[in-house]
Amino acid sequence: MAEQRIPFVKVALDEEDIASVERVLRSGWLTTASQVKGLEADLAAYTGAKYVNAVNSATAAMHLALVAWDIGPGDEVITTPYTFTATANVVLHTGATPVLVDVREADANIDPELVERAITPRTRVILPVHIAGEPCDMDALMEIGRRRGVKVLEDAAHAIGSLYRGRPVGALSDAAAFSFYANKTITTGEGGALTTDDERLSDRVRRLTLHGMSRDAWNRYDAGGSWRYDIQEFGFKDNLTDIAAALGRSQLTKLELFIEQRTRVAQRYFENLRDEEHLILPSFNEENRHPWHLFMIRVRNETSPAPRDDVIRELAERGIGTSVHFIPLHYFTAYQKLGRWEKGDFPVAERFFDGEISLPMYPAMTNAEVDDVCEALREILHPA
Ligand SMILES: *Cc1c(COP(=O)(O)O)cnc(C)c1O
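What counts, and where the lines are drawn
- Residues numbered from 1 in each chain as written.
- Predicted model: local features only at pLDDT ≥ 70, side-chain atom pairs only at ≥ 80, totals over all residues.
- Heavy atoms only, no water.
- Helix = DSSP H or I, 4+ residues; strand = E, 2+ residues; numbered from the N terminus.
- Rg over C-alpha atoms; globule rule 2.2 N^0.38 Å.
- Buried < 20%, exposed > 50% of the residue type's maximum accessible area, 1.4 Å probe, protein only.
- Contact = heavy atoms within 4.5 Å.
- Areas by Shrake-Rupley, 256 points an atom, 1.4 Å probe, with all protein chains shown as cover.
- Phe/Tyr/Trp six-rings, centres within 6.5 Å; stacked < 30°, edge-to-face > 60°.
- Lys NZ or Arg CZ within 6 Å of the ring centre and 35° of its normal.
- Pairing = 2+ DSSP bridges.
- Salt bridge = Lys/Arg side-chain N within 4 Å of Asp/Glu carboxyl O.

## Focus on the overall build of the chain
Reasoning step 1: In terms of regular secondary structure, the chain is built from 13 helices and 12 strands.
Reasoning step 2: Scaling as 2.2 N^0.38, a compact globule of 384 residues should have a C-alpha radius of gyration of about 21 Å, and the chain matches this with 21 Å.
Reasoning step 3: Across its three principal directions, the C-alpha atoms of the chain cover 75 × 55 × 40 Å.
Reasoning step 4: Here the chain, with 384 residues, has 54% of them falling under the buried criterion.
Reasoning step 5: When contacts within the chain are restricted to residue pairs at least 6 apart in sequence, long-range pairs at least 24 apart make up 72% of them.
Reasoning step 6: When the accessible area of the chain is evaluated, it comes to approximately 16,800 Å², of which 51% is carbon and sulfur surface.

As structure tokens, this is what we get:
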């Protein structure tokens with residue numbers, strides 16, 4: 001295998017990020033305290049959400065929201081197979097049933113019409129995923145949710161910085177879960193956050209995040225804090241560290257810059273690949289702001305001289321890293337063992353997956369590197 005010249009992602013870390021972590025390390029206080037509170041306040045200001053719970057992953061954020069809403073056995077949560085496994089795992093962990101519906105041809109986001117049809121008296125939550133950061137049709141989903149008495153929880157793992165019709169993702173629905181995993185748009189290494197306007201949800205999530213401890217237990221090591229605490233229910237251990245939160249706060253100050261750079265990269269891809277007959281380029285709605293977490297192209301396998309898998313292999317041979325988003329959930333062993341879905345059940349998601357390649361995308365990617373990737377694609381798609 002060739003040496004990787006252009007990776008799929010490069011983490012955007014600078015000296016400020018490193019200094020902010022170093023300050024926490026030198027402070028002697030490593031776990032959840034002022035930096036986590038600060039990150040929550042910063043994210044509330046950025047998204048416009050009233051309450052933010054910073055936790056150790058988007059997975060935890062979604063799981064905690066479902067538990068806090070008392071979702072459990074007998075309940076149904078509607079999502080799609082076109083997502084990372086976390087989205088459905090968390091539903092299964094509550095004992096509830098994930099109900100999968102197909103996605104839209106254009107952008108692989110959940111299809112509101114199919115959501116409407118999938119609602120039953122057991123439906124408690126709709127769980128849309130903003131694929132690549134392109135917002136789902138939230139007005140339609142919220143209208144269905146309100147009319148049918150069902151909550152909407154957004155998997156916003158790709159969508160920090162996304163605007164839906166001018167409004168930030170994070171303040172559009174009942175709650176949204178962001179990811180700060182290492183390869184996401186901003187990172188804390190591992191980390192995530194739940195945003196909501198519902199104070200009761202946020203309070204219960206806070207308690208569930210740390211073993212179900214009473215609120216004052218969070219302050220039990222502060223000067224004047226007491227050693228007494230109560231366990232009010234059986235919670236989890238999903239809190240974020242101050243080390244991670246300091247990194248997140250530093251990263252958040254650069255998010256707008258990151259999105260500008262990602263937009264530049266996306267535009268360069270569009271300019272280069274606009275006329276490429278063997279590819280389908282990402283579609284996006286001009287009313288929204290796409291943060292370009294991913295640049296997802298599709299190979300037209302039926303007509304292309306090189307089908308998707310060959311394109312990926314040949315890009316790798318030229319030192320270019322890629323990824324595939326997503327292997328549909330119902331293809332995985334653990335999902336098949338549930339005996340609920342078969343190949344063929346979600347034709348749009350399956351077709352989208354068959355052609356999909358996520359191209360290199362990171363703020364530091366130069367125009368010359370984008371051109372290099374596009375030149376390689378042209379060579380592969382038009383063999384001499
Ligand atoms: C990354 C990702 C997650 C999980 O995020 P974590 O912070 O790692 O838990 C969930 N959903 C989608 C769509 C993702 O891409």
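Next comes the rest of the account.
## Thoughts on the packing of aromatic side chains
Here the distance between the centres and the angle between the planes together describe a pair of aromatic rings.
Reasoning step 1: Per the counting criterion, the structure on display carries 11 aromatic pairs.
Reasoning step 2: When the ring of Phe 270 is compared with that of Phe 284, the centres are 5.7 Å apart and the planes differ by 55°; the resulting orientation is tilted. Taken together, the positions of Phe 270 in helix α9 (residues 255–273) and Phe 284 in the loop between β10 (279–280) and β11 (295–299) put the pair 14 residues apart, joining distant regions of the chain.
Reasoning step 3: What makes Phe 284 partly exposed here is its relative accessible area of 35%.
Reasoning step 4: Counting every residue linked through ring pairs, the aromatic cluster contains Tyr 269, Phe 270, Phe 284, Trp 292 and Phe 295.
Reasoning step 5: Against the face of Phe 353 rests Arg 308, its NZ or CZ located 4.7 Å from the ring centre.

## Points about the sheet that holds β11
Reasoning step 1: Pairing is antiparallel across the open sheet formed by three strands, whose spatial order is β10-β11-β12. Only two strands of the sheet have a single partner each, and these edge strands are β10 and β12 (356–359).
Reasoning step 2: Relative to β12, β11 is paired through four bridges, and the arrangement is antiparallel. Residue Ile 297 lies in a different strand from β12, and its bridge partner there is Ile 357.

## What to know about helix α12 (residues 347–355)
Reasoning step 1: Taken together, the buried positions of α12 are Val 348, Ala 349, Glu 350, Phe 352, Phe 353 and Gly 355.
Reasoning step 2: Contacts made by the buried residues of α12 are with β11, α10 (308–317) and β12.

## Describing the pattern of salt bridges
Reasoning step 1: According to the stated counting rule, one finds 30 salt bridges in the structure shown.
Reasoning step 2: Arg 351 is the partner of Glu 105 in a salt bridge, and the nearest nitrogen-oxygen pair spans 2.6 Å. With Glu 105 in the loop between β3 (97–100) and α5 (112–118) and Arg 351 in helix α12, this residue pair connects regions lying 246 residues apart in the sequence.
Reasoning step 3: Residue Arg 351 is classed as partly exposed on the basis of its relative accessible area, which comes to 45%.
Reasoning step 4: For Arg 165, the salt bridge goes to Asp 139, with nearest N and O atoms at 2.6 Å.

## Details of the environment of Glu 199
Reasoning step 1: Counting through the fold element by element, Glu 199 comes out in helix α7 (residues 199–209).
Reasoning step 2: Residue class for Glu 199 comes out partly exposed when judged on its relative accessible area of 45%.
Reasoning step 3: Residues Glu 199 and Ala 118, spaced 81 residues apart in sequence, show a C-alpha to C-alpha distance of 29 Å.

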